[in-house]
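Observations on the model geometry
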Amino acid sequence: MNQRIPVFTDDPGWHGKRLKEAFAARGYEAVFVSLKECTLNLVGNGLPPVLIPGFERELPKGVFVRGVPGGTLQRVIARLDILHALKLLGVVVYNDGYAVERTVDKAMTSFLLHLNHVPTPQTWVCESRYQAQEIYLRETMAGRPLVLKPLFGSQGQGIRKLTHETPFPIPMEQYVDGLYYLQSYIDSGEGAWHDHRVFVIKGQAVAAMIRHGSHWVNNVAQGGRCEAIEAQGELAQLAEAAARAVNVDYCGVDVIRDGDGKLYVLEVNSIPAWKGLQGATGVDIGQLLVDDFLSYMHTQPALTVVS
């Protein structure tokens, strides 16, 4: 019987199907599980300290993290606690809870990129509307537009470009929950907007593409058109440096080139989509991910679980 591997997700979809096929090709069965249904079991009743539906009697050697459901702060922390606990128990968690925390929080991603000297746009994070307005006025009046983003979020949702013509103060709370995450706007070319997505596994860039947008937001989910490019040279090296800075097993790195040819890392995603990238490049990213995950799992010592 195939060894079963939990894949944490609430919406398997296309990516789940690819992962299931990739695991099956190596003799494993992917089982989709929601972190919402997992439980900390700290009662010493002979069962594992973490209960995963379908794995109540024995913990798996590894789990593949494809999604951490959103929710209240308490619920999200509890779901991350499951990932942290599994890793402490010797389970391979791919990507682990710390990697998810470092990358889902754009402020921490920006800080780690800056700390490790990885080129990234100038960034300000504050709660004060007064401070945010000071930054806005100083930058935009000098002809330097800003981008306002939610601290949490993906696929280009909820972001706004601010220029000196944007009225301020504006009702931003509906977008940012009272927190201001501001970055310098990097212009990739008015009317020829584009950026790059580079997929990194085990510290190595394995696939890359250009995303051409009909406006300054180039995400595939926002209508960006994908074009394959080689995952090599300065672009690959920068993406690999970004992955090292946030310490992840695998990630999708968004990179933009300004009008002077300089590259900047915009974001690092520890639970990246790859449908558009695989379609453009033909690289079987799901199989590469599964093979890397299994290589980690096979080198992991046997689990020692105290109930």
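To start, this report covers the structure provided alongside it. These numbers come from a predicted model, not from an experiment.

Further remarks concern the overall build of the chain. Assigned secondary structure in the chain consists of nine helices and 15 strands. Across the chain, every contact between residues at least 6 apart in sequence was considered, and the portion connecting residues at least 24 apart equals 66%.

The next point concerns helix 4 (residues 106–115). Where helix 4 is concerned, the buried positions are Lys 106, Thr 109, Ser 110, Leu 112 and Leu 113. Angularly, the buried residues of helix 4 cover 165° about the axis, an arc narrow enough to put them on a single face. Contacts made by the buried residues of helix 4 are with helix 3 (97–104), strand 7 (123–126), strand 8 (146–149), strand 10 (180–184), helix 7 (233–246) and strand 15 (263–269). Among the residues of helix 4, the N-terminal cap falls to Asp 105, whose side-chain oxygen and the backbone nitrogen of Ala 107 are separated by 3.0 Å.

The subject of this paragraph is the sheet that holds strand 7. The antiparallel open sheet is built from four strands, whose spatial order is 7-10-8-9. A strand with exactly one partner marks an edge of an open sheet, and here the two such strands are strand 7 and strand 9 (160–162). When the angles between neighbouring strand axes are averaged without regard to direction, this sheet yields 25°. With four bridges connecting them, strand 8 and strand 10 associate as antiparallel partners. Considered in strand 10, the bridge of Lys 149 is made with Tyr 181. Lying over the sheet, helix 4 contacts strand 7, strand 8 and strand 10, oriented at roughly 40° with respect to strand 10.

Negative phi characterises most residues that are not glycine, and trans characterises most peptide bonds. Residue Tyr 94 is joined to Asn 95 through a cis peptide bond whose omega torsion reads -20°. Residue position: Asn 95 is located in the loop between strand 6 (92–94) and helix 3. A positive phi angle is found at His 117, which is not glycine, with a value near 60°. Among the structural elements, His 117 can be located in the loop between helix 4 and strand 7. The phi dihedral of Lys 202 is positive, around 55°, even though this residue is not glycine.

As a further point, take helix 1 (residues 13–25). Compared with the 18 Å implied by 1.5 Å per residue over 13 residues, the 19 Å span of helix 1 between its first and last C-alpha is a close match. Buried within helix 1 are the following residues: His 15, Gly 16, Arg 18, Leu 19, Ala 22 and Phe 23. Angular distribution of buried residues about the axis of helix 1 spans 160°; they occupy a single face of the element. On its buried face, helix 1 is in contact with strand 1 (3–8), strand 2 (28–33), strand 5 (62–65), helix 8 (275–281) and helix 9 (285–299). Trailing helix 1 by a residue or two, Gly 27 shows a phi angle of about 85°, which is positive.

What follows deals with the pairing of strand 14 (residues 250–257). With seven of eight residues buried, strand 14 lies mostly within the body of the structure. Relative to strand 14, strand 11 (residues 194–201) is paired through six bridges, and the arrangement is antiparallel. Bridging from a neighbouring strand, Phe 199 pairs with Gly 252 of strand 14. Counting the residues that bridge the hairpin from strand 14 to strand 15 gives five residues, and of these Gly 261 lies at a positive phi of roughly 90°.

Side chains Trp 124 and Cys 126 of strand 7 all project onto a buried face; the interleaved residues Thr 123 and Val 125 project onto a face where none is buried. Of the pairings in the sheet, the one linking strand 7 to strand 10 comprises four bridges and is antiparallel in character. Paired with Trp 124 across the strands is Leu 182, a residue of strand 10.

Further remarks concern the pattern of salt bridges. Side-chain pairs of opposite charge can arise whenever the charged atoms involved come near each other. Inspection of every chain in the model, using the stated rule, returns eleven salt bridges. In this structure, Arg 197 and Asp 254 form a salt bridge, with 2.7 Å as the shortest nitrogen-oxygen distance. Remark: Asp 254 occurs in strand 14 and Arg 197 occurs in strand 11; sequence separation between them is 57 residues. Accessibility classification places Arg 197 together with Asp 254 in one group, the buried group.

Rules and cut-offs
Residues numbered from 1 in each chain as written. Predicted model: local features only at pLDDT ≥ 70, side-chain atom pairs only at ≥ 80, totals over all residues. Heavy atoms only, no water. Helix = DSSP H or I, 4+ residues; strand = E, 2+ residues; numbered from the N terminus. Contact = heavy atoms within 4.5 Å. Buried < 20%, exposed > 50% of the residue type's maximum accessible area, 1.4 Å probe, protein only. Arc of directions from axis to C-beta. Polar contact = N/O pair within 3.5 Å; in protein donor to acceptor, adjacent residues only side chain to side chain. Pairing = 2+ DSSP bridges. Axes fitted to C-alpha atoms, helices over the stretch in contact; angles between N-to-C directions. Expected span 1.5 Å × (residues − 1). Salt bridge = Lys/Arg side-chain N within 4 Å of Asp/Glu carboxyl O.

Distances and angles like these do not, on their own, reveal function.
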